[in-house]
Amino acid sequence: MQLVFATNNQNKLKEVQALIPKNIRLLSLKDIGCFEDIPETQDTIEGNAVQKAEFIKENYGFDCFADDTGLEVNALNGAPGVYSARYAGAQRDANDNMDLLLKNLQNKSDRTAQFKTVIALYLNEKLHIFTGICKGEITSEKKGEKGFGYDPIFKPEGHDMTFAEMDLKLKNDIGHRGKAVQKLTSFLGKVD
């Protein structure tokens, strides 16, 4: 079986490739000649994941899956949420995003948050949705060099390090994307 993973994010691709069973050939957007920006204009994380998967299915004809992830901070009414990648502006800069989030949380005692990943899979003309959630809290400063996005300021429940301080295996075992991909791979394992 081959599936397109509708992402240009090489970090995400690497994380997901480590989790997908070896009998599934994972193709990137580059592999199928897709170099355009895939629309992400929905107002929910689920909506964006479905929109991206539909775009690949409709324009390229491949069975595929797409994900969207958001960081939902309780003290900020779920922000940045669906706007996580461009929280501090269209330049999509991770440091700018983290700096703005830390600034917006300066006088807040509640620092609880969750990462949410939704995967939309188009397979054999049917849509399937898989969700992974990782609860935790926002630290007061950046720690760690690994990972990407908000990883240096997110500390998952039950751990004393941020995602950016963890190795990829541990992050995949406990993280939102890992949980969603585990549901995806479990489903794919049952498909003929």
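About the thresholds
Residues numbered from 1 in each chain as written. Predicted model: local features only at pLDDT ≥ 70, side-chain atom pairs only at ≥ 80, totals over all residues. Heavy atoms only, no water. Helix = DSSP H or I, 4+ residues; strand = E, 2+ residues; numbered from the N terminus. Rg over C-alpha atoms; globule rule 2.2 N^0.38 Å. Contact = heavy atoms within 4.5 Å. Areas by Shrake-Rupley, 256 points an atom, 1.4 Å probe, with all protein chains shown as cover. Core = buried A, V, L, I, M, F, W, Y, C linked by side-chain atoms within 4.5 Å. Buried < 20%, exposed > 50% of the residue type's maximum accessible area, 1.4 Å probe, protein only. UniProt positions renumbered as here; feature names shortened; annotations may be inferred. Polar contact = N/O pair within 3.5 Å; in protein donor to acceptor, adjacent residues only side chain to side chain. Phe/Tyr/Trp six-rings, centres within 6.5 Å; stacked < 30°, edge-to-face > 60°.

**Q** Hey, could you go over the overall build of the protein for me, with residue numbers and the actual values?
**A** In terms of helices and strands, the protein carries five helices and seven strands. In summary, the protein has a C-alpha radius of gyration of 16 Å against a globular reference of 16 Å for 192 residues, a match within 12%. On the principal axes, the C-alpha backbone points of the protein span a range of 50 × 30 × 25 Å. Pairs at least 24 apart in sequence give 55% of the contacts found in the protein among residues at least 6 apart. Per element, the accessible surface of the protein, about 9,700 Å² overall, is 45% carbon and sulfur.

**Q** Describe the nonpolar core, listing the residues and the values that go with them.
**A** One finds Val 4, Leu 29, Ile 32, Ile 38 and Ile 56 to be the most contacted residues of the largest nonpolar core, which totals 19 residues. Mapped onto this core, the elements with two or more residues apiece are helix H2 (45-60), strand S3 (64-73) and strand S5 (112-123). A total of six residues in this core trace back to one element, the largest contributor, which is H2. Sequence-distant contacts of Ile 38, that is, excluding residues within four places in its chain, are made with Ala 6, Leu 29, Lys 52, Phe 55 and Ile 56. If you look at the next biggest cluster of nonpolar residues, it comprises 18 residues, including Leu 102, Phe 154, Met 166 and Ile 174.

**Q** Mind laying out the UniProt feature "binding site: Mg(2+)" (unreviewed entry) in the protein, listing which residues take part and the relevant values?
**A** UniProt's entry tags Asp 68 with the feature "binding site: Mg(2+)" (unreviewed entry), counted in the numbering of this structure. By the element assignment, Asp 68 lies in strand S3. The exposure class assigned to Asp 68 is buried, which follows from its relative accessible area of 6%. Discounting residues that sit within four places of it in the chain, Asp 68 has contacts with Glu 40, Ile 45, Asn 48, Ala 49, Lys 52, Val 82, Lys 116, Thr 117 and Val 118. A polar atom in the side chain of Asp 68 sits 3.3 Å from the side chain of Asn 48.

**Q** Got a sec to walk through the packing of aromatic side chains? Specific residues and values, please.
**A** If you walk through the whole model with that rule in mind, you get five aromatic pairs. Geometrically, the ring pair formed by Phe 130 and Phe 187 is tilted, given 5.5 Å between the ring centres and 50° between the ring planes. Separated by 57 residues along the polypeptide, Phe 130 in strand S6 (residues 126-138) and Phe 187 in helix H5 (residues 176-189) bring together distant segments of the chain. A centroid spacing of 5.2 Å and a plane angle of 40° characterise the contact between Phe 154 and Phe 163, whose relative ring orientation is tilted. In this pair, the class of Phe 154 matches that of Phe 163, namely buried. In this structure an aromatic cluster arises from ring pairing among Phe 115, Phe 154 and Phe 163.

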